[in-house]
Amino acid sequence: MSGLRAVLVGAGAMGVEWLSAIAASPDVTLAAVVDLDLAAAERAAQGVVPSSTTLASVASGADFVVNATVPSAHFSVTASALRLGLPVLGEKPLTATLPEALTLAALSSLTGSLFVVSQSRRFERGLPSFKSRLSALGPVGSLTTEFYRGARFGGFRETMANPLLLDMAIHAFDTARYLLDDDPVSVYCDAYNPSWSWYAGDASANALFRFASGARYSYLASWCADGGDTSWNGNWRAVAAGGTAFWDGDRSPADANTLLDTISASLSVFVSSLRSGRPPATAVRFNVMSLAMVLCAVESASTGLPVVIDDVLASAHAAALSAASPDVAEVLRSWPSVREMS
């Protein structure tokens, strides 16, 4: 497989970042740009490649899609691409809901087209060495992330109901799964909005997950904490049988990754997977559990009660099945469980 041609869908801020990653890649060239705002698509395409408001009109000759749309559009864009036979590398979150996520996992299986969620934070330079230190210490009893930033984005995040949990927490939650080589079974979360917050929704949260191994993972975070900022990856502490390990989220300030570094690494792994046929660690069927952590934390925060994750997964599977087309429903029925989807 020679150089691959990518259609970028979404010409907003993240789309611009992905344009840079595509331009920097030795393996990928830009085939077209798609955005509902044709003027934005044209600006991004710069007259070099076609621009359009629909994916179908520029899909011919493309090898895959980069889905850099806003979260509410992730499902429709990815579903359309998979139905067109195009693999997808999508921005997080996978989708807005778990039934949609399961539908896309089934659709990826049905069409044989790879769908990978970028989860670019897995490519932070300091993360593998931190995991190695954890492995050397034996079984982990507790893992903690402290994330505190006074982030002023403007735009949609400041009007969301749960901006911290829905837009940011998945990075840490997905990293916790990677570090522990394990998946969660339950969560209790308290989300809240301090009186001085400039967000409409809850910008602070404390969440406690229990993992299958018995390890506990704690997420203590705020997006309206001025002063004493942690790194964008947060401060990490792991307490294990053989001692304690720390990571500040950056190997050092001078050597910290840029966004271009991490999404370029994500793009490279995706291309390698397309060429080898081996799905990466953030393929849709694996990434569903990271999304489940987010949405179960939101449910716990809204009810004030602990949430059993398998109960939520079972309900999501039933909802996906009831709304699915016959071909997707057949795939959904074939799974022994959501945790064991094929």
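It should be noted that the structure appears before, not after, this text.
Anyway, here's the lowdown on the structure attached to this text. Computed from a predicted structure; not experimentally measured. (Residues numbered from 1 in each chain as written. Predicted model: local features only at pLDDT ≥ 70, side-chain atom pairs only at ≥ 80, totals over all residues. Heavy atoms only, no water.)

A separate point is the overall build of the chain. The helix and strand tally for the chain stands at 10 helices and 13 strands. Here the C-alpha atoms of the chain give a radius of gyration of 20 Å, agreeing with the 20 Å that 2.2 N^0.38 yields for 342 residues. Expressed as a percentage of the 342 residues in the chain, the buried residues total 53%. Of the contacts formed within the chain by residues at least 6 apart in sequence, a portion of 70% connects residues at least 24 apart. Looking at the chain as shown, the accessible area adds up to about 14200 Å², and 54% of this sits on carbon and sulfur atoms. Looking at the chain, you have 22 positive and 30 negative side-chain charges, and the mean spots of the two groups are 5 Å apart. (Helix = DSSP H or I, 4+ residues; strand = E, 2+ residues; numbered from the N terminus. Rg over C-alpha atoms; globule rule 2.2 N^0.38 Å. Buried < 20%, exposed > 50% of the residue type's maximum accessible area, 1.4 Å probe, protein only. Contact = heavy atoms within 4.5 Å. Areas by Shrake-Rupley, 256 points an atom, 1.4 Å probe, with all protein chains shown as cover. Lys, Arg positive; Asp, Glu negative; His and termini not counted. Charge placed at Lys NZ, Arg CZ, Asp CG, Glu CD.)

A full pass over the atoms with the stated rule returns 12 aromatic pairs. A ring pair is formed by Phe130 and Trp247, whose centres lie 5.9 Å apart and whose planes are at 25°; its orientation type is stacked. Here the residue Phe130 occupies a position in helix α5 (residues 127-136), and Trp247 occupies one in strand β12 (residues 243-247), the gap between them amounting to 117 residues. In this pair, the class of Phe130 matches that of Trp247, namely buried. Here Phe153 and Trp232 contribute two aromatic rings whose centre-to-centre distance is 6.2 Å and whose plane-to-plane angle is 45°, an arrangement assigned as tilted. A residue pair is termed long-range when its members are at least 10 positions apart, and Phe153 in the loop between β7 (140-148) and α6 (163-180) and Trp232 in the loop between β10 (216-222) and β11 (235-240) qualify at 79 residues. An aromatic cluster is built from Phe147, Phe153, Trp198, Tyr199, Trp223 and Trp232, whose rings are joined through pairwise contacts. The ring of Tyr178 has Lys131 sitting right over it, with the charged end atom 4.1 Å from the ring centre. Taking NZ or CZ as reference, Arg157 lies 4.7 Å from the ring centre of Phe153, over its face. (Phe/Tyr/Trp six-rings, centres within 6.5 Å; stacked < 30°, edge-to-face > 60°. Lys NZ or Arg CZ within 6 Å of the ring centre and 35° of its normal.)

The buried fraction of strand β2 (residues 28-34) is high, at 5 of 7 residues. Note: strand β1 (residues 4-9) against β2, 6 bridges, orientation parallel. For Leu4, the partnering residue across the bridge sits in β2 and is Val28. You can see the chain leave β1, run along helix α1 (residues 13-24) and come back into β2, and the turn it takes is right-handed. Where β2 lies against strand β3 (residues 51-52), 2 bridges are found, and the strand directions are parallel. (Pairing = 2+ DSSP bridges. Right-handed = clockwise from strand over helix to strand, strands pointing away.)

For the rest of this paragraph, the subject is the packing of helix α8 (residues 284-303) against helix α9 (residues 309-323). When two helices pack together, their arrangement is given by the angle between their axes and by how far apart the axes lie. With their axes 10 Å apart at the nearest point, α8 and α9 run at an angle of 105° to one another. If you check the angle between α8 and α9, you find them roughly perpendicular. Between α8 and α9, the contacting residues are Met289, Ala292, Cys296 and Glu299 on the first element and Ile309, Val312 and Leu313 on the second. Here the residues of the contact of α8 with α9 are counted per class, giving 6 nonpolar, no polar and 1 charged. (Axes fitted to C-alpha atoms, helices over the stretch in contact; angles between N-to-C directions. Parallel < 35°, antiparallel > 145°, perpendicular 65-115°, else oblique. Nonpolar A, V, L, I, M, F, W, Y, C, P; charged D, E, K, R; others polar.)

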